[in-house]
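Topology and contacts: notes
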Amino acid sequence: MTVYFIGAGPGAADLITVRGLNIIKQAPVVLYAGSLVPEGIVNQADQAEVVKDTAPMHLDEIIAEIEIAHKAGHDVARVHSGDPCLYGAIAEQMRRLDTLDIDYEVVPGVSAYAAASAALKKELTLPDVSQSIILTRTAVRSSKMPNNEDLETFGKSGATLAIHLSVNNLKHVVDTLTPHYGADCPVVVAYRVSWPDEAFIHGTLRDIRAKVKESGITRTALVLVGHVLGSEDFTDSKLYDVDHTHVLREKNAS
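Summarised in this report is the structure supplied together with it. (Residues numbered from 1 in each chain as written. Predicted model: local features only at pLDDT ≥ 70, side-chain atom pairs only at ≥ 80, totals over all residues. Heavy atoms only, no water.)

1. A look at the packing of aromatic side chains
Put simply, the rule is: Put simply, two rings from Phe, Tyr or Trp (the six-membered ring, in Trp's case) pair if the centres are within 6.5 Å, and we call them stacked under 30 degrees between planes, edge-to-face over 60, tilted for the rest. Helix and strand definitions follow DSSP, with helices as H or I runs of at least four residues and strands as E runs of at least two, each counted in order from the N terminus. Between buried and exposed lies partly exposed: a residue is buried under 20% and exposed over 50% of the maximum accessible area for its type, with that area taken using a 1.4 Å probe on protein chains only.
The tally for this structure, following the rule as stated, stands at 1 aromatic pair. Their ring planes at 80° and their centres at 6.1 Å tell us that phenylalanine 5 and tyrosine 104 sit as a pair that is edge-to-face. Here the residue phenylalanine 5 occupies a position in strand E1 (residues 3–7), and tyrosine 104 occupies one in strand E5 (residues 104–107), the gap between them amounting to 99 residues. Relative accessible area serves as the criterion here: at 0%, phenylalanine 5 is assigned to the buried category.

Now the structure itself:
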């Protein structure tokens, strides 16, 4: 018996790995985060005897369901949104399973920032603009930010920022980042990326708060900040440069 923590992707039913979908199709028990995992994925649990939405359940109740499946020898597809490695709340579940000596595996998925980048047709790392992406969040009702993991520190880097769980804390985001990125720095608020009601709000650090307030968006949104979002004046990468050689491309004799 194995528990599979599966990243179901950002929302579209076909943005899931083949491995993850095959496990869901065959699993006798499917436990899924109902508020974030689309029905199109859950509906493919053809062999499941138990399909349960865990959104209203706390950790003890979820583990209890897994223990029942374990005693019956049934694999469990534990389906989360996005990629489980990022704000997936799977570490505490795995810790419990370690204590119970229940086997588990993790199946990665497509994260919202990657899906947003694809939908926007923007590369988040451009030569001479930004070569780093910082995935972070701010503290509102969730856990405090530890150590020096604050926007002030990250903002000094000038890197592309993908700020999760923070659309309700946009004033703090704007006030903190404006001195480092400038008021004209592009910002995109990506709402429910790849869902049918997907929406993107384009703005700058100067005007994004007003635009988001007008939209009425208050949750399930990712905030992208960085000059890569608006830059067209960047240097071509060395990868395909005619004069760049590597083990698979020898120097042109001509």
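2. A few points about the side chain of threonine 2
Heads up, the condition is: In protein, a polar contact means a hydrogen-donor-capable atom and an acceptor-capable atom, both N or O and within 3.5 Å, with residues adjacent in sequence counting only if both atoms are side-chain atoms; elsewhere, any N or O pair within 3.5 Å suffices. Contacts are assigned to residue pairs that have any heavy atoms within 4.5 Å of one another.
Position of threonine 2 relative to the elements: it lies in the segment before E1. Threonine 2 gets classed as buried once you look at its relative accessible area, which sits at 10%. Only 3.3 Å separates the side chain of threonine 2 from the side chain of aspartate 103, close enough to count as a polar contact. Ignoring any residue separated from it by four or fewer positions in sequence, one finds threonine 2 in contact with Asp75, Val76, Asp103, Tyr104 and Glu105.

3. Some points on the pairing of strand E8 (residues 186–191)
Formally: Here, strands pair whenever DSSP counts at least two bridges between them.
Here E8 lies mainly inside the structure; 5 of its 6 residues are buried. Here E8 runs beside strand E9 (residues 199–204); their pairing, made up of 6 bridges, is antiparallel. Residue tyrosine 191 lies in a different strand from E9, and its bridge partner there is alanine 199. The pairing of E8 with strand E10 (residues 221–225) spans 5 bridges and is antiparallel. Within E10, the residue paired with alanine 190 across the bridge is leucine 222.

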